[in-house]
Amino acid sequence: MGRLAILGALHEEIADLLAAMDPGAATFRIAMRDFHVGTLWGTPCVIALSRIGKVAAAATACIAIQEFKASRVIFTGLAGGLHADVEVGDVVVASAVMQYDMDARPLFGRHEIPLLGRERFDADPALGRLLQDSAALFARSPAAMPAAGAARRPPKVHHGLIATGDVFVNDIEYAQRLRQALPEALCLEMEGGATAQVCYEFGVPFALLRVISDRADHAAKSDFTDFLVNLARVYSAGILAPLLQSGALRQA
Ligand code: ADE
C-alpha cells in the first residue's frame, strides 16, 4: 500500500499531525529534512517539513515519492488572499496550480513550464473533494469562529486556481498587478506549483489545502505571523485530523 505524504512549509502547519503519529513512527533525515514515517489513524503516511519556496518544496516532494513511496501528496499551509471574495480565515482547496513567476518568453509562453508544454497542473479531484468536505464541516464548527473575526462571517471554503511564486507578497501594488494578470487566482503562496509539477512528472495524485492568513498587502507580515502562531494549528487539526480519522484516506 502506498503512503500518503503530508507536506508543509512551516512547523505549525504540520505540528499536530506529527504529534498524532503512532508511537512506532520513525524519522529519517535526508537532504537536511526530517521525514516522519508511520501511520496516522491507520493511514500509512510520511510527513515532512519542506521549508519555504519552490526548490525546497520540489526537493521534499521528490524524496517523499522516490524514497518513501508516497502514492498521494497533500501539501497544506497558509496563503495570501488575492481574489476579492477570499478573506483571512477562509480555506482554499486547489482545482489547479500554476507558477506565476515562470517567464521563459520569448522561448516559451508566459507561465508555461519549459518543455512540459503546460502552465497549470490539475489537482486530484477525489482528494480535493475530501478536503473541501472536511473544510466545510470545520468552517461550520465553533473551532472556526475565532478566525471569523476580521471577515465578520464564518470562513468560506473556495475551490479554484492557486498561484505559486518565490515571493512573500507584502505589497498591495504587487498583489494588485497579480490580481489583474490572473483574475481567476484565488490566493498566492510559495510551494504548491512546484509540488504539483513534481507530482505531475511522477504521475502521483496531488492536492493543495491553503488557509488564508493575510491579503498580501502591507499588513501581510504581521497578519501572517499572528495567524501562524494562533490559528494555523487549529485549522490543520480541524480539517486534516478528522479526515484522516474518518479513514477516507486509507487505500486498499
Ligand atoms: N503565504 C501566506 N501569505 C503569503 C504571502 N503574502 N505571500 C506569499 N506566500 C504567502
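Residues numbered from 1 in each chain as written. Predicted model: local features only at pLDDT ≥ 70, side-chain atom pairs only at ≥ 80, totals over all residues. Heavy atoms only, no water.

**Digging into the overall build of the protein chain**
A count of helices and strands for the protein chain gives seven helices and 10 strands. Its C-alpha atoms give the protein chain a radius of gyration of 17 Å, near enough to 18 Å, the size a compact globule of 252 residues would have. Reported as C-alpha extents along the three principal axes, the dimensions of the protein chain are approximately 50 × 45 × 30 Å. Within the protein chain, the fraction of its 252 residues that count as buried is 53%. (Helix = DSSP H or I, 4+ residues; strand = E, 2+ residues; numbered from the N terminus. Rg over C-alpha atoms; globule rule 2.2 N^0.38 Å. Buried < 20%, exposed > 50% of the residue type's maximum accessible area, 1.4 Å probe, protein only.)

**Topic: the packing of helix α3 (residues 125–139) against helix α7 (residues 232–245)**
Interhelical geometry of α3 versus α7 gives an angle of 125° and a closest axis separation of 9 Å. The angle between the axes of α3 and α7 places the two elements in the oblique class. Like other packed secondary-structure pairs, α3 and α7 cross with a definite hand, here right-handed. Packed against α3, whose contacting residues are Leu130, Leu131, Ser134, Ala135 and Phe138, the element α7 presents Val234, Tyr235, Gly238, Ile239, Leu240, Pro242 and Leu243 at the interface. Residue composition of the contact of α3 with α7, by class: 10 nonpolar, two polar and no charged. (Axes fitted to C-alpha atoms, helices over the stretch in contact; angles between N-to-C directions. Parallel < 35°, antiparallel > 145°, perpendicular 65-115°, else oblique. Left-handed = near helix turned anticlockwise from the far one by under 90°. Contact = heavy atoms within 4.5 Å. Nonpolar A, V, L, I, M, F, W, Y, C, P; charged D, E, K, R; others polar.)

**Overview of the nonpolar core**
Note on soluble globular proteins: their nonpolar side chains tend to be buried together. Formed by 69 residues in total, the largest nonpolar core has its most connected members in Ile6 and Phe206. The greatest single-element share of this core, amounting to seven residues, is contributed by α7. Setting aside residues no more than four positions away along its own chain, phenylalanine 206 makes contact with Val73, Phe75, Val97, Ala123, Asp124, Leu127, Gly192, Thr195, Ala196 and Cys199. With 13 residues, the next largest nonpolar core counts Met98, Tyr100, Val169 and Leu188 among its residues. (Core = buried A, V, L, I, M, F, W, Y, C linked by side-chain atoms within 4.5 Å.)

**What about the environment of glycine 203?**
Inspection of the secondary structure puts glycine 203 in the loop between α5 (192–202) and β10 (206–214). Given a relative accessible area of 60%, glycine 203 falls into the exposed group. Separated by 123 residues in the primary sequence, glycine 203 and glycine 80 have C-alpha atoms spaced 28 Å apart.

**Description of the site of the ligand**
For the ligand, the set of nearby residues contains 13 residues, the closest of which are Gly80, Val167, Val169, Leu188 and Asp214. With respect to the ligand, the backbone of glycine 80 contributes an N or O atom lying 3.3 Å from a nitrogen atom. In the environment of the ligand, a nitrogen atom lies 2.9 Å from a nitrogen or oxygen atom belonging to the backbone of valine 169. Coverage of the ligand by the protein amounts to 96% of the 260 Å² it exposes when considered alone. Tallying contributions element by element places strand β5 (residues 70–81) first for the shell around the ligand, with three residues. Along the lines of polarity and charge, the residues of the shell around the ligand split into nine nonpolar, two polar and two charged. (Near = heavy atom within 4 Å. Polar contact = N/O pair within 3.5 Å; in protein donor to acceptor, adjacent residues only side chain to side chain. Areas by Shrake-Rupley, 256 points an atom, 1.4 Å probe, with all protein chains shown as cover.)

**A look at the packing of aromatic side chains**
Across all of its chains, the model carries six aromatic pairs by this definition. Relative to phenylalanine 68, the ring of phenylalanine 35 lies with its centre 5.2 Å away and its plane at 25°, an arrangement referred to as stacked. In this pair, phenylalanine 35 sits in strand β3 (residues 33–40) while phenylalanine 68 sits in the loop between α2 (54–66) and β5, placing the two residues 33 residues apart along the sequence. By the burial criterion, phenylalanine 35 is buried, and phenylalanine 68 matches it. Taking the centre distance of 5.4 Å and the plane angle of 70° together, the rings of phenylalanine 168 and phenylalanine 224 count as edge-to-face. Taken together, the residues phenylalanine 168 in the loop between β8 (157–164) and α4 (172–181) and phenylalanine 224 in helix α6 (residues 220–230) connect sequence positions 56 residues apart. On the basis of relative accessibility, which here comes to 19%, the residue phenylalanine 224 falls in the buried class. (Phe/Tyr/Trp six-rings, centres within 6.5 Å; stacked < 30°, edge-to-face > 60°.)

**Section: the pattern of salt bridges**
Any two side chains of opposite charge can pair, given that their charged atoms come close. All told, the structure shown has 10 salt bridges when counted by the stated rule. With a closest N to O distance of 2.9 Å, aspartate 101 and lysine 54 form a salt bridge. Highlighted residues: aspartate 101 in the loop between β6 (91–99) and β7 (120–122) and lysine 54 in helix α2, separated in sequence by 47 residues. Between aspartate 85 and lysine 156 there is a salt bridge, and its shortest N-O distance comes to 2.9 Å. With a gap of 71 residues between them, aspartate 85 in the loop between β5 and β6 and lysine 156 in the loop between α3 and β8 connect regions that are remote in the sequence. The partly exposed category is assigned to lysine 156, whose relative accessible area is 33%. Beyond isolated ion pairs, a larger network of salt bridges with shared partners links Lys54, Asp101 and Asp166. (Salt bridge = Lys/Arg side-chain N within 4 Å of Asp/Glu carboxyl O.)

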